[in-house]
Amino acid sequence: MLASVMAGDEDYAGDVTTTEAWNQLASNPDAQLIDVRTQPEWSFVGAPDLGKLGKRPLFVSWQVYPEMSVNPRFADELRAQGIRPGQALFFLCRSGARSRAAAKAMTAAGFSPCYNVAGGFEGDLDADKHRGRLSGWKAAGLGWIQS
């Protein structure tokens, strides 16, 4: 069962853990993971790998690098890649902030259910100020690749 919507966040389907997202992607053939980070993050930090599920994530930046302004074509770029209303959409970023904004925007654009993958790809900072160890996709041991 997916996590419930947190109070005040009725404008999207809610936050889910990385494991909940993986399980939904595995069990729902129409569910889609959308990585909303930037090209440098995908290239240098790594990217989720859904090969074990017979799927591929979509890569559409929520913010345009390097100025980091919101991508005005975000919804259009997702539509162009085949995203349609009624699909369960799981949005992923570094730590969960950009992906939450993307989930809210796509819900407002008529797509649902849209979920934020809490913890994102790299998760929170640890005591040494490093990401990828405490929480997030990588720390959960889910598939990922790096170029």
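Scroll up to find the structure.
The rules behind each value
Residues numbered from 1 in each chain as written. Predicted model: local features only at pLDDT ≥ 70, side-chain atom pairs only at ≥ 80, totals over all residues. Heavy atoms only, no water. Core = buried A, V, L, I, M, F, W, Y, C linked by side-chain atoms within 4.5 Å. Buried < 20%, exposed > 50% of the residue type's maximum accessible area, 1.4 Å probe, protein only. Helix = DSSP H or I, 4+ residues; strand = E, 2+ residues; numbered from the N terminus. Pairing = 2+ DSSP bridges. Contact = heavy atoms within 4.5 Å. Axes fitted to C-alpha atoms, helices over the stretch in contact; angles between N-to-C directions. Salt bridge = Lys/Arg side-chain N within 4 Å of Asp/Glu carboxyl O. Phe/Tyr/Trp six-rings, centres within 6.5 Å; stacked < 30°, edge-to-face > 60°. Lys NZ or Arg CZ within 6 Å of the ring centre and 35° of its normal. Expected span 1.5 Å × (residues − 1). Arc of directions from axis to C-beta. Polar contact = N/O pair within 3.5 Å; in protein donor to acceptor, adjacent residues only side chain to side chain.

A. How the structure looks around the nonpolar core. Ile34, Val36, Phe74, Leu78, Phe91 and Met106 are the most contacted members of the largest nonpolar core, which totals 18 residues. Counting only elements with at least two residues in this core, the list comes to helix 3 (74-80), strand 7 (89-92) and helix 4 (97-108). Trp22, Ala31, Leu50 and Trp137 belong to the second-largest nonpolar core, a separate cluster that totals 17 residues.

B. Here's a closer look at the sheet that holds strand 2 (residues 32-35). Across the sheet, which stays open at both edges, the five strands sit in the order 1-8-7-2-4 with parallel pairing between neighbours. Of all the strands in the sheet, the pair left with one neighbour each is strand 1 (14-16) and strand 4 (58-59). As judged from the four bridges shared by strand 2 and strand 7, these two strands associate in the parallel manner. Bridge pairing links Leu33 to Phe90 in strand 7. In this fold helix 4 packs onto strand 1, strand 7 and strand 8 (114-117), with an angle of close to 180° to the strand it touches most, strand 8.

C. Quick look at the pattern of salt bridges. With the rule as written, the count across this model stands at eight salt bridges. The residue Arg84 makes a salt bridge to Asp30 at a minimum N-O spacing of 3.4 Å. Pair noted here: Arg84 is in the loop between helix 3 and strand 7 and Asp30 is in the loop between helix 1 (18-27) and strand 2, with a separation of 54 residues, a long-range link. What makes Arg84 partly exposed here is its relative accessible area of 41%.

D. Examining the packing of aromatic side chains more closely. Following the criterion strictly, the structure yields six aromatic pairs and no others. Centre to centre, the rings of Phe74 and Phe91 are 6.3 Å apart; their planes meet at 40°, and the pair counts as tilted. Taken together, the residues Phe74 in helix 3 and Phe91 in strand 7 connect sequence positions 17 residues apart. With respect to burial, Phe74 and Phe91 carry one shared label: buried. Following the ring pairs from residue to residue traces out a cluster consisting of Trp62, Phe74 and Phe91. The ring of Phe121 has Arg37 lying over it, and the distance from NZ or CZ to the ring centre is 4.3 Å. Note that Lys138 overlies the ring of Trp144, its terminal NZ or CZ placed 4.3 Å from the centroid.

E. Quick peek at helix 4. With 12 residues, helix 4 should reach 16 Å at 1.5 Å per residue; the first-to-last C-alpha distance of 17 Å fits that figure. Within the span of helix 4, buried status applies to Arg98, Ser99, Ala102, Ala103 and Met106. Angularly, the buried residues of helix 4 cover 140° about the axis, an arc narrow enough to put them on a single face. Helix 4 presents Ala97 and Ala108 as exposed residues on the side facing more than 90 degrees away from its buried surface. One or two positions beyond helix 4, positive phi appears at Gly110, with a value near 100°.

F. Spatial organisation of the side chain of Ser99. Within the element layout of this structure, Ser99 appears in helix 4. Residue classification places Ser99 among the buried positions, given a relative accessible area of 0%. From its side chain, Ser99 meets the backbone oxygen of Gly96 in a polar contact 3.5 Å long. Setting aside residues no more than four positions away along its own chain, Ser99 makes contact with Val36, Phe91, Leu92, Cys93, Asn116 and Val117.

G. Main features of unusual backbone geometry. Of the consecutive residues Tyr65 and Pro66, the connecting peptide bond is found in the cis state with omega at 10°. Of note, Pro66 is situated in the loop between strand 5 (63-64) and strand 6 (69-70). Omega for the peptide link from Ser112 to Pro113 comes to 5°, which places this bond in the cis form. If you check the backbone angles, Met68 has positive phi at about 65° while not being a glycine. Mapped onto the elements, Met68 comes out in the loop between strand 5 and strand 6. Exposure remark for Met68: the relative accessible area of 30% places this residue in the partly exposed category. With a phi angle near 65°, Lys129 is a residue other than glycine that sits in the positive phi range. Within the element layout of this structure, Lys129 appears in the loop between strand 8 and helix 5 (136-139).

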